[in-house]
Amino acid sequence: MSDDSIPRQIFAALQSRQAEVEAFIQALVEVESPSGDEEGSRAVIDLLVQSAGRLKCVDAIERVDAPEFGQHLVIRAFQKQNAAKQILIVGHTDTVHARGTLSERPWRRDNGRIYGPGIFDMKANCALAIEVLRTLDELNVAPSFGVSLVLTCDEEVGSLSGWPLLERVAGSKEATRYAFVMEPPAPGGRVKTGRKGTGIFAIKVEGRAAHAGLEPEKGASAILELARQTEQLHAINLSGSGITLNVGVVQGGTRSNVVAAEAQGEIDVRFSTEAELLEIERILSNLKPIDERTKVFVSGGINRPPLERTPAVIELFEKARAIAAQLDFELGEAQVGGASDGNFVAAMGIPVLDGLGISGDGAHAIHEHIEADDIARRGALIGGLLVSV
Ligand SMILES: [Zn+2]
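If you're wondering where the values come from, they're calculated on a predicted model, not measured in any experiment. (Residues numbered from 1 in each chain as written. Predicted model: local features only at pLDDT ≥ 70, side-chain atom pairs only at ≥ 80, totals over all residues.)

A. Main features of the sheet that holds strand 11 (residues 244–252). Taken in spatial order, the 4 strands of this open sheet run 11-13-9-14, and their pairing is antiparallel. The open sheet has two edge strands with one neighbour each: strand 11 and strand 14 (295–304). Strand-to-strand twist of the sheet, defined as the mean angle between neighbouring strand axes without regard to direction, takes the value 15 degrees. One ladder, built from 9 bridges, connects strand 9 (residues 197–206) with strand 14; its direction is antiparallel. Within strand 14, the residue paired with Val 205 across the bridge is Val 296. (Pairing = 2+ DSSP bridges. Helix = DSSP H or I, 4+ residues; strand = E, 2+ residues; numbered from the N terminus. Axes fitted to C-alpha atoms, helices over the stretch in contact; angles between N-to-C directions.)

The structure is reproduced here in structure tokens:
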């Protein structure tokens with residue numbers, strides 16, 4: 001079999017198993033697993049382990065307990081290949097949809113689209129990762145390196161325990177050659193070659209209470225100070241940098257006739273580069289009160305570092321584009337504001353290609369769906385990448 005025919009062979013093999021693959025996706029979707037639902041998490045892992053356990057390319061399966069969330073899953077395959085390096089595949093089994101969503105919006109196939117809570121982000125892609133391994137097995141082709149598939153169970157809430165697990169499995173940039181992230185693609189099936197980093201901060205203002213009618217001059221309003229700080233902070237959004245900042249929640253005061261002694265806000269920040277991260281940290285740690293009678297405190301920090309569009313990422317994208325061309329489709333790329341587990345891996349200096357999941361729309365929304373036609377095509381793209389990088 002010539003190398004450039006492999007993606008087409010994978011495509012044909014997956015297409016011939018379309019019904020089985022859809023049934024596997026359906027089984028995963030029909031076990032609800034919102035983040036923090038331990039029982040749901042374990043039940044999804046059971047299904048994945050059952051399926052992966054039957055593959056001859058799979059060398060080891062590790063279920064990693066994540067207290068209060070359920071379990072993460074690590075599947076190691078093709079370990080007999082070049083042992084010095086590995087390829088990492090990253091995904092997650094948790095969804096944002098509360099238990100009961102499934103009965104409101106059950107699995108539904110309509111006009112080539114398949115609807116279901118968490119299908120696009122990303123139950124279908126958990127299934128696809130295993131189906132790609134199965135197909136390589138069947139075709140008797142092996143990737144250039146061993147493969148470690150890591151599925152976290154707390155991605156939608158920041159991967160507090162998923163992050164250290166990813167770092168452990170990835171090891172270092174010497175140990176992991178590339179990472180492929182199974183997150184949903186951008187519109188038009190575009191893969192993601194850049195993701196902003198995220199930070200969550202809190203701002204707290206202490207003012208001075210006073211009777212708002214009798215002696216307002218003795219008060220220093222924490223609410224007014226917070227409003228002024230908010231206005232200044234939001235001006236960063238207009239500065240032309242890649243930083244975005246949003247004071248998204250505010251609270252403060254006690255009664256309308258009292259000058260507010262306290263106010264606080266929650267801040268979401270996004271940044272594209274390490275330099276912007278340092279800049280935002282500098283700004284937030286140096287906030288000075290505008291009314292000097294008040295005090296301003298900032299706490300919090302970075303949740304996910306940025307996934308930068310480095311030359312190594314561009315090279316990986318070009319490879320993916322060439323494979324897509326063999327499959328007769330044009331692969332685009334996008335840089336997005338939302339972060340994923342790919343950000344953690346990118347921060348280790350490992351080239352990451354994200355957004356490799358099946359096309360569709362409506363992540364976290366009511367119309368969440370995938371395009372049934374894209375399953376085999378996307379699988380062929382991923383399989384092609386595994387054998388050619
Ligand atoms: Zn996701």
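B. Highlighting the sheet that holds strand 17 (residues 360–361). Pairing in this open sheet of 4 strands is antiparallel, and the strands run 4-5-18-17 from one edge to the other. Edge positions in the sheet fall to strand 4 (108–110) and strand 17, since each of these pairs with one other strand and no more. As paired strands, strand 4 and strand 5 (residues 113–115) are joined by 3 bridges and run antiparallel to one another. Its bridge partner being in strand 5, Arg 108 is matched across the sheet by Tyr 115.

C. Expanded view of the domain arrangement of the chain. The domain boundaries assigned to the chain delineate domain 1 (3–196 + 306–388) and domain 2 (197–304). Computed from C-alpha atoms alone, the centre-to-centre distance between domain 1 and domain 2 is 39 Å. The interface is formed by 9 residues belonging to domain 1 together with 10 residues belonging to domain 2. Residues that form the side of domain 1 that touches domain 2 fall into these classes: 3 nonpolar, 4 polar and 2 charged. (Domains from an automatic or database assignment. Contact = placed C-beta atoms within 7 Å. Nonpolar A, V, L, I, M, F, W, Y, C, P; charged D, E, K, R; others polar.)

D. Representation of the nonpolar core within the structure. Formed by 77 residues in total, the largest nonpolar core has its most connected members in Ala 179, Phe 180, Val 345 and Leu 353. No other element matches the 12 residues that helix 5 (residues 119–139) contributes to this core. Contact partners of Val 345, with chain neighbours within four places excluded, come to Leu 88, Val 90, Leu 166, Ala 170, Ala 179, Ile 350 and Val 352. (Core = buried A, V, L, I, M, F, W, Y, C linked by C-beta atoms within 7 Å. Buried ≥ 20, exposed ≤ 12 C-beta atoms within 10 Å, placed from the backbone.)

E. The arrangement of the pairing of strand 2 (residues 70–77) in detail. Across the 8 residues of strand 2, 6 count as buried, placing the element largely inside the fold. Taking the residues between adjacent antiparallel strands as the criterion, strand 1 (residues 58–66) and strand 2 are bridged by 3 residues, where Glu 68 takes a positive phi near 75 degrees. As paired elements, strand 2 and strand 6 (residues 145–152) share 5 bridges and run antiparallel to each other. Along strand 6, the bridge assignment pairs Leu 73 with Leu 151.

F. Focus on the pairing of strand 7 (residues 176–181). Counting buried positions along strand 7 yields 5 of 6 residues, so the element is predominantly enclosed. The pairing of strand 3 (residues 82–92) with strand 7 spans 5 bridges and is parallel. Among the inter-strand pairings, Val 90 is bridged to a residue of strand 7, identified as Val 181. Where strand 7 meets strand 16 (residues 352–353), 2 bridges bridge the pair, whose relative direction is parallel. Bridge pairing links Ala 179 to Val 352 in strand 16.

G. Quick look at the environment of Gln 79. Checked against the element boundaries, Gln 79 lands in the loop between strand 2 and strand 3. On the basis of neighbour count, Gln 79 is assigned to the partly exposed category, with 16 C-beta atoms found within 10 Å. Separated by 21 residues in sequence, Gln 79 and Val 58 place their C-alpha atoms 8.1 Å apart. Not counting the four nearest positions on each side in its chain, Gln 79 is found in contact with Asp 59 and Gly 146.

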